[in-house]
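Read off the chains here:
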Amino acid sequence: MEAVLEQVEQLPALLAVSRSALVRDWDSLTLDRALEWARYFQHLHDRFRTRPRLREALGRRLRRGQRSPLLGFPNLGRCPQLLGLALLENRALPPAACRRLIHSLLCPGGAEPGPEPRSLALLARRKAASRLLALPRPPEGLEPQVQAEAQLLLSRLREEGQEAQPAGEAAGSLRWLSGVLEQLPQRRAFGVVAAALLLRQESGAEQAGGGERVGNSLNGNQVSATEEDLAGPLLAWLLENMERFSAFCLFLPGSLLASLAGHYSQLNRPYLDLLTGWGSGLLYDPLQGRWVKRCLDKAVLSWEELRERFSCLCQGSDLVKAQTQAALKLLKAQGGDFNVRGLSVWTDLLMELEEYLRKEAER
Amino acid sequence: MAQDTAVPKLNFEYWLDKAIEWGQATTLESQKDVCLHLPQLQEFLHQLYETLKHMDSIAAIQQFPLIGQLLGRLCWNPFVIGYDESQKTLMWCLCCLYSSEPQNPVELKANSWIRSLLCHLLSSSKWESSEAETSAFISTLGYTSADYYCHLVKSMVFSLVTELRGNQFSELNIQGRVSTSRLNAVSLFCVPLITLPDLTPLVETLLLYHGGASKEILSSEFLEAVNEAFLKKKISLSESAVFSLWLRHLPSLEKATLYLLDQLVSVQMNSLEEVACVMKDLLLPQAASHPAIFRIVNEIFKNAVLETDGAPEVMTIIQVFTQLFLQGHQNEYKQHKFPLKTYFPHHHQPLVAALLRRPFELPTTHWAEHLKHISHMLKALVEDPNSSSLADLFEIWFLVARFGEWLDIAVEQLLKAAAESDALLWLLAFYYCPQNENQQRTQTMVEAQAVYNHLMRLFSCTVLSVKDLEAAVPSVKDVEQCCSKHLITHLLTNFLLFSSGGHMIAQEFIDHITETTDTSKEVCSLLIRTAYRINRSGEENQRTLKLLNELLQKLTLKV
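An unreviewed UniProt entry annotates chain B as Fanconi anemia group C protein homolog originating from Patagioenas fasciata monilis. For chain B, the Subcellular location (unreviewed entry) comment in UniProt is given as "Nucleus". Looking at chain B in UniProt, the text filed under Subunit (unreviewed entry) is "Belongs to the multisubunit FA complex composed of FANCA, FANCB, FANCC, FANCE, FANCF, FANCG, FANCL/PHF9 and FANCM. This complex may also include HSP70."

An unreviewed UniProt entry lists chain A under the name Fanconi anemia group F protein, from Patagioenas fasciata monilis. Checking UniProt for chain A, the heading Function (unreviewed entry) contains the comment "DNA repair protein that may operate in a postreplication repair or a cell cycle checkpoint function. May be implicated in interstrand DNA cross-link repair and in the maintenance of normal chromosome stability." One UniProt comment on chain A, placed under Subcellular location (unreviewed entry), says "Nucleus".

Here you go:
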């Protein structure tokens, strides 16, 4: 067993080399050996997948020596594809090795008659499908690209959750998540996190669409336990930094935030606090007869935007609606409890909302 | 998809011209043209690969100097890459062109170009700027582009399905409606992807989508391609989606019906269970519970009968189809059910009702009586001077023929029960000889009656010889009327199966008549039908079943 563990420990190095300029010296024999290793790792994965203690041991060894846990046990199963595609993209690979690579990856009767050639054809087909289906779409909801990225993030979080981690590593996994999300432009990362939180809610036992290899290492009874924890790191990342959370809430549409607040009570309070802050930043302009921004600060919502967000919250679950209204009433009371427009932004908001809700109820 | 434009083998220039003309398929016209040519292009790519795989890259480029242009253009056409196995063959061709020891700048450049194309096909690559971040993100997560595109396609499908379903229920909301041109485009873009399992929910949603428009909104290329893929079993779809396809697209229904007939006639079936299975797999009997579909299928069956002159295989197929249809109809929930007369609107309803009774619904002792009733109604209809046009006659005959199980029972009853023989013989004479212009039917009756009387005398003899039977039908070979011949064959076959002494000589006698006359197929059909009927009735008749199986085994080898 120790021999196997030592071999597994080499995987990160193998993948790192395949992405580096070191492959410049590879000939076709080196390449064959590398691919054989990849298949061997896949074989290990398939063999130990259903044996928790062994997979845990392999996973632990795999993490040893990596700064942050980038690779885990499930990566063993994806090894041939990870390695193959990394090498294909690596321009330093010399022609003889490259020819061997594309032949064994793609050609009929290549080195391995296994699932690889078919799955790469399927990949090309799916990529073309994503081009064909990328029609202009109605603006509501998050883009499919964002959804797909969120699915991958969730799958990975699920895998992480499966690797039994010693307590106290929460900080480590938050750092890891930050590192991953930093790969994306901030707004995109916000979309991905929001989509992941909502998808987690929708998919429950259905397991996030189930990719080919993604997430198929899970089996039913483990899902429910880990599913609960999946949102944890995402919420922690959002709330860790108020500036980030504020940008998140400013960027995403009110309907989406309202449904997040409905699903995750942890978000509800901070979101209301943010809205309160933004509302206090509005001034009543008696000449125009409306609420305007105190200064031309971009990080503040306009009156219309603020009202839209509150009305989204009031369309949500009964609980969120009640909490929202209670918060507004409290703010109104604190502001002197006037029932006249133009004195307190909360009075005005509450009046408009109540009128809106009355109209809704009549319809 | 159309296969009519015959293209000479390996017509390189033809496809290069096409590839140039299509570009990246951005106009509707070019998209439709690509869809039309996809199967042929795939065939061409296969041939090209077969040629290339025996050459090295230098020889390949010498023989096809423009191959780079052709493959490169095709790689950028998502319709081509999305279609069936074209992407695979294209990549194989690219592999063949890659040289392991590039000797000159041209080969070096070609190698680099091939790698770019492969990356373009396979990776969410750094070379496509819009996806640069995605690429870094997925590799940081430890996934590959294969995982990403798997999820991306599913998300896109899910988003389109949600949009379409939401639309279906908000027809009043004009603003929210998906425009017809958008739907048409979606359906066209699905054409190459139909056999990709990820797409199935979208394909089904499209098939079930009915906008307010009276004209078909989905592209005909899409409807044809779905039908084709379904018939060839390349995809599986829900029943309701298939029914909806056939209801909205007549050519597909016609094609499916002809495909079914063709499949059943061209392949030797050893039992009607098999036939029933093929039919149910294709969902046609189930679909026929929609009266509109039933009518079309009925018309096609009628034509098949006319064209084949009532070939026994075709008649048997139609009978099994009708039985399955009735079975399905019976199993349907009451509230969705159309009354049975909807399906046979122009017929004498009491006759329809009598024929629709399924044998097992009546005690066997009532069969002869029921058949007599049918025979009398028929006779009255046929001999009514007011409704005796040839077309009317054919309609009545076809109605009786589809319920052919009752005719087989009539023969069995004649021999076993010897009851109502006049009426039953008339019924059979009508089936085999619907016209009586020159008294053919009267003549048939006379001939059949003679044979029948003779057979009845032999029915209880335990020991029989082929000679005895030949004496009963001295003239099977010489009977001039072919209608009589069929009827007598029907009587004889049943005599062999059900009489006391028939079993002993069955094999010998059947060999005899199938050798001297051209009746193998006919006898085969009769036996297969009888086996099916006995099997389904659950009747304890092991001796007859065993004989039937032996006879069929031998006979199917001959047919």
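Draft legend 1. Molecular detail of the overall build of chain B. Helix and strand counts for chain B come out as 29 helices and zero strands. Within chain B, buried positions represent 55% of all 559 residues. Sequence separation of 24 or more characterises 70% of the internal contacts of chain B that already satisfy a separation of 6 or more. About 24,500 Å² of surface is accessible on chain B, with carbon and sulfur atoms providing 55% of the total.

Draft legend 2. Spotlight on the overall build of chain A. A count of helices and strands for chain A gives 18 helices and two strands. Here chain A holds 363 residues, and 52% of them are scored as buried. Once local pairs closer than 6 in sequence are excluded, the contacts in chain A between residues at least 24 apart make up 71%. Carbon and sulfur atoms form 53% of the exposed surface of chain A, whose accessible area is close to 17,100 Å².

Draft legend 3. A look at the pattern of salt bridges. Under the defined criterion, the tally for this structure stands at 35 salt bridges over all chains. For B:Arg182, the salt bridge is made with B:Glu163, and the minimal N-O distance between the two is 2.9 Å. Placement of B:Arg182 in helix H10 (residues 180–190) and of B:Glu163 in helix H9 (residues 145–168) is noted, with a sequence separation of 19 residues between them. Of the two residues, B:Arg182 and B:Glu163, both sit in the buried class. Note that B:Lys233 is salt-bridged to B:Asp281, the shortest N-O span being 4.0 Å. Residue B:Lys233 is located in the loop between helix H12 (220–231) and helix H13 (239–248), and its partner B:Asp281 is located in helix H15 (residues 272–282); the two are separated by 48 residues in the primary sequence. Take B:Lys233: its relative accessible area is 53%, and that puts it in the exposed class. Beyond isolated ion pairs, a larger network of salt bridges with shared partners links A:Glu2, A:Glu9 and A:Arg61.

Draft legend 4. How the structure looks around the interface of chain A and chain B. Of the residues lining the interface, 66 residues belong to chain A; the matching set on chain B comes to 68 residues. The interface formed by chain A and chain B includes one salt bridge. Close ionic contact of A:Arg126 with B:Asp198 constitutes a salt bridge, the shortest N to O distance being 2.6 Å. Mapped by element, the contributors of at least two residues to the side of chain A that touches chain B are helix H6 (79–89), helix H7 (95–106), helix H8 (116–132), helix H9 (144–162), helix H10 (170–181) and helix H11 (186–203) of chain A. At 13 residues, the largest contribution of residues to the side of chain A that touches chain B is made by H8(A).

Draft legend 5. How the structure looks around the nonpolar core. Counting 311 residues, the largest nonpolar core has B:Leu202 and B:Phe222 as its most contacted members. Here B:Leu202 is in contact with A:Leu133, B:Val157, B:Leu160, B:Val161, B:Leu164, B:Val186 and B:Cys190, once residues within four sequence places are set aside.

Draft legend 6. Fine view of the packing of helix H27 (residues 502–516) of chain B against helix H29 (residues 542–558) of chain B. Residues and elements named next belong to chain B. H29 packs onto H27 with a crossing angle of 25 degrees between their chain directions and a minimal axis gap of 11 Å. By the angle between their axes, H27 is roughly parallel relative to H29. Both H27 and H29 take part in a crossing whose hand is right-handed. In contact with His503, Ala506, Gln507, Ile510, Asp511, Thr514 and Glu515 of H27, H29 contributes Arg543, Thr544, Leu547, Glu550, Leu551, Lys554, Leu555 and Lys558. Taken together, the residues of the contact of H27 with H29 break down into five nonpolar, four polar and six charged.

Draft legend 7. Representation of the packing of aromatic side chains. All names here are of chain B. Enumeration according to the criterion identifies 30 aromatic pairs over all chains in this entry. Measuring from centroid to centroid gives 6.1 Å for phenylalanine 459 and phenylalanine 495, while their planes differ by 65 degrees, and the two rings are edge-to-face. Placement of phenylalanine 459 in the loop between helix H24 (440–458) and helix H25 (466–472) and of phenylalanine 495 in helix H26 (residues 482–498) is noted, with a sequence separation of 36 residues between them. Aromatic rings pair up to connect Phe12, Tyr14, Trp15, Trp22, Phe44 and Phe64 into one cluster.

Draft legend 8. Here's a closer look at the side chain of B:Asn227. Residues and elements named next belong to chain B. Mapped onto the elements, asparagine 227 comes out in helix H12. Relative accessible area serves as the criterion here: at 1%, asparagine 227 is assigned to the buried category. Excluding residues within four positions of it along the chain, asparagine 227 makes contact with Leu245, Trp246, Ser252, Lys255 and Ala256.

Draft legend 9. Structural detail: the environment of B:Ser375. All names here are of chain B. Along the chain, the position of serine 375 falls in helix H20 (residues 367–383). When its relative accessible area of 1% is taken as the criterion, serine 375 is described as buried. Not counting residues up to four positions away in its chain, the partners in contact with serine 375 are Ala423, Trp426 and Leu427. Polar contacts involving the side chain of serine 375 include one to the main-chain carbonyl oxygen of alanine 423, which spans 2.8 Å.

Draft legend 10. Quick look at unusual backbone geometry. Despite not being glycine, A:Asp337 has its phi angle at roughly 55 degrees, a positive value. Checked against the element boundaries, A:Asp337 lands in the loop between helix H17 (318–334) and helix H18 (345–362). We note that B:Asp84 has phi near 35 degrees; this positive angle belongs to a residue other than glycine.

Draft legend 11. How the structure looks around a nonpolar patch on the surface. A cluster of nonpolar side chains, A:Phe338, A:Val340 and A:Leu343, forms an exposed patch at the surface whose accessible area comes to about 280 Å². Locating A:Leu343 in the fold gives a position in the loop between H17 and H18.

Draft legend 12. Up close: the environment of A:Pro80. Inspection of the secondary structure assignment puts A:Pro80 in helix H6. Separated by 41 residues in sequence, A:Pro80 and A:Arg39 place their C-alpha atoms 5.8 Å apart.

Draft legend 13. Up close: helix H7 (residues 105–122) of chain B. Over its 18 residues, H7(B) runs 26 Å from end to end, which matches the ideal 26 Å to within 8%, given 1.5 Å per residue. Burial in H7(B) covers these residues: B:Glu107, B:Ala110, B:Asn111, B:Ile114, B:Arg115, B:Leu117, B:Leu118, B:Cys119, B:His120, B:Leu121 and B:Leu122.

Draft legend 14. Just the pairing of strand S1 (residues 282–285) of chain A, in detail. All names here are of chain A. Sheet topology places S1 next to strand S2 (residues 290–293); four bridges connect them, and they run antiparallel. Along S2, the bridge assignment pairs leucine 282 with lysine 293. Remark: four residues form the turn of the hairpin made by S1 and S2, two consecutive strands paired antiparallel; glycine 289 in that turn has positive phi of roughly 70 degrees.

Draft legend 15. Representation of the confidence of the model for chain A in the model. Residue and element names in this part refer to chain A. Looking at chain A, the pLDDT average stands at 82 and 83% of residues meet or exceed 70. Within the model, the stretch residues 111–115 combines pLDDT values under 50 with four contacts to residues more than four positions away or in other chains. Contacts of residues 204–225 to residues separated by more than four positions or lying in other chains number 39 contacts, the stretch itself having pLDDT below 50.

Draft legend 16. The arrangement of the packing of helix H3 (residues 28–48) of chain A against H6(A) in detail. Residues and elements named next belong to chain A. Running from N to C, H3 and H6 cross one another at 150 degrees; their axes reach a closest spacing of 7 Å. The angle between H3 and H6 places the two elements in the roughly antiparallel class. In contact with Leu31, Ala34, Leu35, Ala38, Arg39, Phe41 and Gln42 of H3, H6 contributes Cys79, Pro80, Leu83 and Leu87.

About the criteria used
All residue numbers refer to position in the chain's written sequence, counted from 1. Naming scheme: in the order in which they are written, chains are lettered from A and ligands are numbered from 1. Thresholds applied to this predicted model are a pLDDT of at least 70 for local features of residues and 80 or more for the giving and counting of side-chain atom pairs; totals over whole chains, interfaces and linings are not thresholded and use all residues. Here the side-chain values reflect all heavy atoms present in the structure, with hydrogen atoms and water set aside. UniProt positions are given in the numbering used here, feature names are shortened, and annotations may be inferred rather than shown by experiment. In DSSP terms, a helix is any run of H or I states spanning at least four residues, a strand is any run of E spanning at least two, and both are numbered starting from the N terminus. Burial here depends on accessible area, computed with a 1.4 Å probe over protein chains only, as a share of the maximum for the residue type. Under 20% is buried, over 50% is exposed, and the range in between is partly exposed. The contact criterion used throughout is that any non-hydrogen atoms of two residues lie within 4.5 Å. Residue burial considers only the protein chains on display, and all accessible areas are found by Shrake-Rupley using a 1.4 Å probe. Whenever Lys or Arg places a side-chain nitrogen within 4 Å of a carboxyl oxygen from Asp or Glu, that contact is recorded as a salt bridge. Within this scheme, the nonpolar core is defined by two criteria: the residues are buried Ala, Val, Leu, Ile, Met, Phe, Trp, Tyr or Cys, and they are joined through side-chain atoms within 4.5 Å. Every axis corresponds to a line fitted to the C-alpha atoms, with the helix fit spanning only the stretch in contact, and the corresponding angles, defined between N-to-C directions, vary from 0 to 180 degrees. For classification, angles of less than 35 degrees are called roughly parallel, those exceeding 145 degrees roughly antiparallel, those between 65 and 115 degrees roughly perpendicular, and all remaining angles oblique. Handedness of each helix crossing follows the sense of rotation of the near helix against the far helix: counterclockwise by less than a right angle gives left-handed, clockwise gives right-handed. Note that Gly is not counted as nonpolar here; it falls among the polar residues with everything else outside the nonpolar set of Ala, Val, Leu, Ile, Met, Phe, Trp, Tyr, Cys and Pro and the charged set of Asp, Glu, Lys and Arg. Ring geometry is summarised as follows: Phe, Tyr and Trp rings, the Trp one being its six-membered ring, pair when their centres sit within 6.5 Å, and such pairs are stacked at plane angles under 30 degrees, edge-to-face over 60 and tilted between the two. N or O atoms within 3.5 Å of each other form a polar contact, as long as, within protein, one can give a hydrogen and the other can take it, and as long as residues adjacent in sequence are counted only when both atoms are side-chain atoms. For patches, a residue must show more than 30% relative accessible area and have no salt bridge; joins then use 9 Å for like charges and 5 Å for nonpolar side chains, namely Val, Leu, Ile, Met, Phe, Trp and Tyr. In a helix, the anticipated span is given by 1.5 Å times the number of residues less one. Pairing between two strands is assigned when DSSP locates at least 2 bridges connecting them. The quantity known as pLDDT measures the predictor's confidence residue by residue, on a range of 0 to 100.

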